Amino acid sequence: MEEYMEREDIIKKLESDLKNVKTKNDLQNVKAAYLGKNGIVTNLSLKMKEIPNEEKREYGKFLNLIKEEVTTKLESMESELEKNLLEEKLNEEKIDITLPSRKKLKGSIHPMTRVVEELEDLFVSMGYDVISGPEIDTDMNSFTKLNLPEGHPARDAQDTFYLDKDYLLRPHTSPAQVRTMEANKEKTPLRIVCPGKVYRRDDDATHSHQFMQFEGLVVGEDISLADLKGTLELFAKKLLGEKTNVRFRPSYFPFTEPSCEVDVTCFKCGGKGCSLCKQTGWIEVLGAGVVHPNVLRMSGYDPDKYTGFAFGPGIDRFAMFKYGITDIRQIYTNDIRFLEQFDRKDVD
Ligand code: PHE
């Protein structure tokens, strides 16, 4: 009878202790107070040895019962607590779909990248491969193998960023011509374009020491200046509009012969004459020419069998024209306010 009372008291106390449990930690403390090392139930078990033998059986039953009851109550408290915590969490995380949404931050494609993509698409549609070359290249690929003789002003450290005597920041994308020919040795037709950054020791108001070029090279049998002309006309009209005219002026590059400089109808005034074109109606956009036999020979192509043409526009100006950018420096400073204006609607 006395034991029976004790059991009831314990359960009552446990029930009232459990009422105050709010957290898992609280529950852990209650658990320890009953089943832990010095817990109420544990101490009752230790009493077993003091119980006279004839009562041991009865006491054992009592112990089992109380252990079972305590454990059940603790377990049900635990699952209740978990349920409550989960509910609380769900309530906290409830989404109020009537709230106005936060503005989604979205990147935009840089105007330069867009011009490159547009040009790549155009040339890929004509069967060209797009390649890339390293921005650090050798003096050999950038000059020697392009038939740029020793002593040429472009080789001067005043114009080119040399890293040591053999390596430099490429001053044009033309080393791509050498790299492509050397990797293919007499495999034709070769048709590649190579967009990329180039570096020159120029920095005044109208020149940046870093800008973008878009090299093109075609090598095969019977490739002529006429093919170059047709290709560049298409290039200019597709990129700048059907009304664009193209003008070829004789020029000199050591790696092409004949060489030309190519002008397009001024994109600002349409040819009437304005401050951008210095009243001429034309804007110079690229250098080009028929690949010099020495260049073919040095890169493993027989110039008696193969001919080719190459061109290398600076493309920053195209981006400026197409996107109404007035200061070339804006292209490279990556001011977020500038870039945000070029949100591409089709990536929404
Ligand atoms: N590499 C020349 C430049 O940077 C451009 C060019 C490329 C000229 C290909 C002829 C042929 O000015």
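This text follows the structure it describes.
Report on the accompanying structure. (Residues numbered from 1 in each chain as written. Predicted model: local features only at pLDDT ≥ 70, side-chain atom pairs only at ≥ 80, totals over all residues. Heavy atoms only, no water.)

## Topic: the nonpolar core
In terms of nonpolar packing, the biggest core is built from 43 residues, with Leu119, Phe123, Leu286, Phe311, Ile315 and Phe318 touching the most fellow members. Every element with two or more residues in this core is listed here: helix H5 (111-125), strand E5 (210-220), helix H8 (225-240), strand E7 (256-265), strand E8 (282-291), strand E9 (307-313), helix H10 (316-323) and helix H12 (336-339). One finds Val30, Tyr59, Ile66 and Val70 within the second-largest nonpolar core, a separate group that totals 19 residues. (Core = buried A, V, L, I, M, F, W, Y, C linked by side-chain atoms within 4.5 Å. Buried < 20%, exposed > 50% of the residue type's maximum accessible area, 1.4 Å probe, protein only. Helix = DSSP H or I, 4+ residues; strand = E, 2+ residues; numbered from the N terminus.)

## Here we look at unusual backbone geometry
For the bond running from threonine 188 to proline 189, omega is -5°, close enough to zero to count as cis. You can see proline 189 is positioned in the loop between helix H7 (175-184) and strand E4 (190-199). Each neighbour pair has its own omega, and for glutamate 257 with proline 258 the value is -5°, a cis peptide bond. Within the secondary structure, proline 258 is located in strand E7. Backbone geometry at glutamate 186 places phi at a positive 65°, although glycine is not the residue there. The topology assignment puts glutamate 186 in the loop between H7 and E4. Phi at lysine 278 is positive, roughly 50°, even though this residue is not glycine. Mapping lysine 278 onto the fold places it in the loop between E7 and E8.

## Quick word on the sheet that holds E9
With respect to topology, seven strands assemble into an open sheet ordered E1-E4-E5-E9-E8-E7-E6, the strand pairing being mixed. Among the strands making up the open sheet, the edge pair consists of strand E1 (129-130) and strand E6 (246-253). The sheet contacts of H5 involve E1, E4, E5 and E9, and relative to E5 the element is tilted by about 5°. Packing against the sheet, H10 makes contact with E5, E8 and E9, and its axis sits at approximately 145° to E8. (Pairing = 2+ DSSP bridges. Contact = heavy atoms within 4.5 Å. Axes fitted to C-alpha atoms, helices over the stretch in contact; angles between N-to-C directions.)

## A word on the site of the ligand
Close contacts around the ligand come from 14 residues, with His172, Ser174, Arg200, Gln213 and Glu215 the closest. In this structure, histidine 172 approaches the ligand through a side-chain N or O atom, which is 3.0 Å from a nitrogen atom. One of the side-chain nitrogen or oxygen atoms of arginine 200 is found 2.8 Å away from an oxygen atom of the ligand. Coverage of the ligand by the protein chains reaches 91% of its 330 Å² of free accessible surface. Mapped by element, the contributors of at least two residues to the shell around the ligand are E5, E8 and E9. Looking at which element gives the most residues to the shell around the ligand, the answer is E9, with three residues. Of the residues contributing to the shell around the ligand, the split by class is five nonpolar, seven polar and two charged. (Near = heavy atom within 4 Å. Polar contact = N/O pair within 3.5 Å; in protein donor to acceptor, adjacent residues only side chain to side chain. Areas by Shrake-Rupley, 256 points an atom, 1.4 Å probe, with all protein chains shown as cover. Nonpolar A, V, L, I, M, F, W, Y, C, P; charged D, E, K, R; others polar.)

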